[in-house]
Every structure is written in C-alpha cells, then in structure tokens.
Amino acid sequence: MTFIRPANRAVLAYVRQYHDEVILCVANLSRAAQATELDLSPWKDRIPQEMLGRTRFPAIGELPYMITLGPYGFYWFQLQERDKSEPVTPRAVPEFETLVVPVNSNWVSLARERSVFERDVLPGFLSRTRWYPEHNPKQIKTTLTSAVPFCDIGDNRPWIAFFETAAQDGPRYVLPMQIEWVRFDRERFNPKALAAVRQGAREGTLLDVATDQIFIGLFLRNLSQDLVVEENNLRLEFKATSRFADYAVKEPERIRAIEQSNSTALVDNQYVAKIYRQLESGISPEIEIGQYLTEVARFGNAPALLGSVELVEDGRRSAVGVLHAYVENQGDGWTVTTGYLDRYIDEQRVLIAGEAPRETQEQTLYLHFIAQIGRRLAELHVALAAAKADDLAPEPIGPAHVEALVSGLKARVERVLQRLADSRDGLREADRPLIDRLMALRVSLLNQLNALLPSGMGGLNIRHHGDFRLGQTLIVKDDIFIIDFDGNPRLPLADKRRKLPAARDVAGLIRSIDLSVTAALSRALTGASEEQDRLTTALQEWRERANATFLSAYREAMTDRRLWPEDRKSWEGLLRYFLLDQAFEDVEYELSHRPEGLHAPLTGLLRILSSTKSEAHA
C-alpha cells in the first residue's frame, strides 16, 4: 500500500498493489468539488480503467496526472499495462531539431550546432517550462556562454550549460543536460526533451535532467567525495556538511519533481535536491545560513543542509544546487491555511444570524499551528543573533541605519504613488476607488513615516529569513519547520544578505495571513455577493485573532530583548514600518508585472493605513 501526497489536502489517494495487479483509490473528503494532480510516475504508461463504469482514462505519462472529483466523490482505478499490440494514438508535438554531436565534443565548441541550439532549440524548450519567465518562443533570444561536466566519470556525462538572454543585465540561467541514447520518439512527447541527437550511426535524445534519477544519483555520489570538476577555467565544487555522513549513498529509486522558479526533486523520502535555474554571483544565503543552522547553531526546526554544489569562475562563487534532508510533513502552511479558511467560511454560512461562532477542535488545532510558527521564528532569530562570523554576526542599529530605512521607504512610496497616478485611468475600474483613497492619504502617510522609527531606537540588525510567509513553513506532526532560506526572489543577492531588524520576518508572516484571508474571501464570494458583509466581518475577526496568537507566541518565546523591544509603542512602530514596506513592494510588483492583480495588495495596504489612522486617534 502506497500513499500518494497530492497538493490538495482535501483529496486522499493511495495505491494497493499485489504483484502486477495495481489499484488506485482517490477520494474527495470535501463537500465541494476538487481538482488535484497526482504523481503516478512509478506506473508510467499504465492505463487507468475506472472499475465501476469500466471507462478507460488517458495513459499515465511524465507529468502529474490531473483528476477532478465531485463533492465527496471517489474513483477506483485499475492501472492496466498497455497492450503491446495496441497502437499508440499520434498527437501533435512541437517541432524538434536534430543536433549532430561528434565524439568527445562539448556544447560550447560546436559552432554550427551551438548556433542551432541557441536559435532553434532553446527558445521552444524554455517557452514550455515553468521556471523561465518568457513563454513566447519568438521573444526568447539566448546565448550559450559556457558548459562544464557534472562529474568526472563516464563517456556520456551530464553537462551543466549556462546561457544568457538578450535582456541587458539579465541573469544567467542553468540547464543540466544529458544525451539518452534512445531514439527520439516523436509520437510520445517527453516534456524534458530538447532535441534529437545523432552521433554517427547512434541516435538519441537530449534531455533536461535537473530532476533525473541518474543526475540526482551523481549529485549524491559527488557530495560523498567532496568532488571538484574543472573544465575551461570553470570549477564545480561539491561540498557536503557533517550531516551528510548520516546517510548511506545509493542509487535513487523514486523521485518526485517539482518545477517552479527552481527545479526540486523529492528523493526517496530522504532528500530534497534543488537545482537553481538562475545563476547569481556571490555567496548564496541558503547555503550560508543553512551551514550555520546545521553545523553551528544545531537549529532543530529547519531541514538540515546536507551539501551544495557551486560554480567557481574568476574567483567568484555562484550556487548551482543544494541538498537538504527530507522532513515528513502534512503540507505547507499556505496549503493548510487555504483549506482551513474554506471550511471556516462554510461554518459561518450555516450559523443563524446573530449566533456567536463556536470554538471548534479544528480552530484550536489551527491556532496551535499559528502559535508554533511564532515560537519557532523567535527561536530562529535568537539563533541567528548568536552568530560570530562577520557575514552573519549581528550589528547594532544606529541612527544612520534608521535614516536609511526611512528614506528608502519614502522613496518607494513616492515612486509607487506617482506610478499609480500616471496609470490610474488605464487600470481596472474596480481598482480606481482604492487608488483614489490611497492618493488622499499621501501627505499624512509621508508624515507618519518619520514617526515610525525613532533615530535612537537601538536593537540589532541580524541575518534573517528574508521571505518569511506561510508557504515557507511545513506542518510536521504538532510542530512546524522553517524552509527556503534563499530570500526574496525579487531582490538581488546583496539585498538578500542584508542585515535588518527581526521585525521584517514577523511582518512577512502577518502579510501572508492577510493575503490568505483576502484570497479566501475572493473564493467564497464567487457568485454569492449577498454574503459579502457577513463573511468579511467573520474573516476580519479571524485575521485579528490569528495575528494576535502569532505575535503573542513570538514575544513569549523571544529571549533576546535586543531583537524585539519591550515597549509596545516601539515594537508596533517597527512592525508597522515593515508591513508598509512589504505592502508597497507588493503593489509595485503587481503594477509592473500583473496590473490585473492589484486589488489584493491595494486592499491590504489600505487596511494597514486604516489601522494606523484609527490607532493615532485612539
């Protein structure tokens, strides 16, 4: 019996197998219709046949299998082997080039094939990925800059290729590649395939292998040897931490791939291997902080860093990948919160008008989870504040730091307000009243900023998480773990490593709670606008309760008063500063990249300002 862990926690899925007979059971535990994706890769090419109606579903392929279920619905599937004589239904696949690769050549030295690779192969492939930002192949212009083998053994080794785009000062990207000497199949589309390959009489397929079994196996093997691979003045350095010795290195058996801005592989429920897709020159905060928490602080509520691989060129280091210990969990904080709030809204709908909501066991459990986040975040900050190394050690907050913080926020506020004013008439009509309300607060807002952070407030700037939100926590039994210390992906590396007050992480979690409530209300009001006032009030009360629970637990667990002022006015001003800073950052991002998504950050920003104004008159 094998349990499958879909991202949608309302769906239960498991496989029962006896020899070659395989039964897949999928059940929707919710009163609402649900959709989810299942990792069925161990049963690739089998055909699910629904056992009650005998309906055959599409064959299982490389990608996660999409299933939709009605309220409390279920499926039983028999996963049947494909009949060898059964014809494969052809389907339209992208056009693929054929690259001619002589023996002992590398990807940079082949002038003609390199040109075809840059012009005709990469744009089409990148447009189909989740991690590359542009999805129109005609807009993608690439230049292959360098390549280095991923290991020191084998005639057909994986290579790490690095390429740039036409954008000025754009990032370099990372592409692990390897030839599989199996003839390219034009009838069964493999999303990892880049091109067909020919080498004399041999035919093969060039693949992106970032989450491939052989590639991950080599990653583990290289870490066990602290291997260094050199090629054309480039060096790949593999470095394991002391915790890696706790694991027996063996060939991976099962890998579940997660493609987002990076490529992540969950390996045999033992490791989490991440390959960065963007190459940033400098010391990676995920490696730097991970090594400290694992080797020095022995912080127990973050997955242990087991190792890393970095590119070294001209004395500069750039992170290529990291390996962490896998922590068995019940999902991340955002997923758990989303499911909980949907059920909370259902409870509000059945209450009689004027009836006070009852404290349920589920609410108690959720508040315990929120309190645990507060406690573990405080413990993390205390651990980071104890660091001795120069790049990690805390620094006293002086008047110059305060002036830089205030002036930086003022500049962002002025910039965002001006851009909103210039583009107001071209934005969605529903967002214009929010923009007008924000503009009316312009003068008073700029005056408020001066009072938030007194020049002599004292305290410490520390290295911190930098992108702390619900999605960066894992629910582990009755506790939580904190993950992903690589910082805010919108910021350059220097800003990710910047030391700031601990309140920045606290504000990040409060902002995340606020966004989860806004998203829940949006889902609930689809086709049910008459419930808006009632549900808005209920969710506002819940937001305040969750925030208070989180803050109370954080303050209670905070043992270093240099990180969190005892005076209420001081910590409220510090917290409000970072809430405003992050809210304006969200508005600026949506305005630049997704103007149709402005409503949620504008609403959240106005809520923060409304709270500030009401407290000022209290």
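The text that follows walks through the structure, step by step, so that each part is easy to find. Because the structure is predicted, anything quoted here is derived from the model rather than measured.

**Topic: the pattern of salt bridges**
- Under the criterion given, the structure shown has 46 salt bridges.
- One salt bridge connects R412 with E588, and the closest N-O pair in it is separated by 3.3 Å. Residue R412 is found in helix α6 (residues 399-423), and its partner E588 is found in helix α12 (residues 568-593); the two are separated by 176 residues along the sequence. The pair formed by R412 and E588 is uniform in burial state, with each residue classed as buried.

**Comments concerning the pairing of strand β18 (residues 271-275)**
- Counting buried positions along β18 yields four of five residues, so the element is predominantly enclosed.
- Count of turn residues in the strand β17 (residues 263-267)/β18 antiparallel hairpin: three residues, of which D268 carries a positive phi of about 50 degrees.
- Bridge count between β18 and strand β21 (residues 316-325): five bridges; the pairing is antiparallel. Across the sheet, I275 pairs through a bridge with G321, a residue of β21.

**Comments concerning the sheet that holds β18**
- Reading across from one edge, β14-β15-β20-β21-β18-β17-β16 is the order of the seven strands in this open sheet, with antiparallel pairing throughout. One side of each edge strand has no neighbouring strand; the edge strands of this open sheet are β14 (228-231) and β16 (255-259). Between one strand axis and the next, the sheet turns by 15 degrees as a mean value, whatever way the strands run.
- Bridge count for β17 against β18 is five bridges, and the pairing is antiparallel. In the strand pairing of β18, V267 is matched with Y271.

The rules behind each value
Numbers given for residues are sequential positions, taken from 1 along each chain in its written order. Note on the predicted model: pLDDT of at least 70 is required for a residue's local features to be given, and 80 or more for side-chain atom pairs to be given and counted; whole-chain, interface and lining totals, by contrast, use all residues. Values shown for side chains rest on all heavy atoms present in the structure; no hydrogens or waters enter the calculation. Every case where a carboxyl oxygen of Asp or Glu lies within 4 Å of a side-chain nitrogen of Lys or Arg is listed as a salt bridge. In DSSP terms, a helix is any run of H or I states spanning at least four residues, a strand is any run of E spanning at least two, and both are numbered starting from the N terminus. Only protein chains enter the accessibility calculation, which uses a 1.4 Å probe; a residue is then buried when its area is under 20% of its type maximum, exposed when over 50%, and partly exposed in between. Strand pairing is assigned whenever DSSP identifies at least 2 bridges connecting the two strands. To get an axis, a line is fitted to the C-alpha atoms, and for a helix only the part in contact is used. The angle between two axes follows their N-to-C directions and goes from 0 to 180 degrees.

Nothing here speaks to function; it is all geometry.
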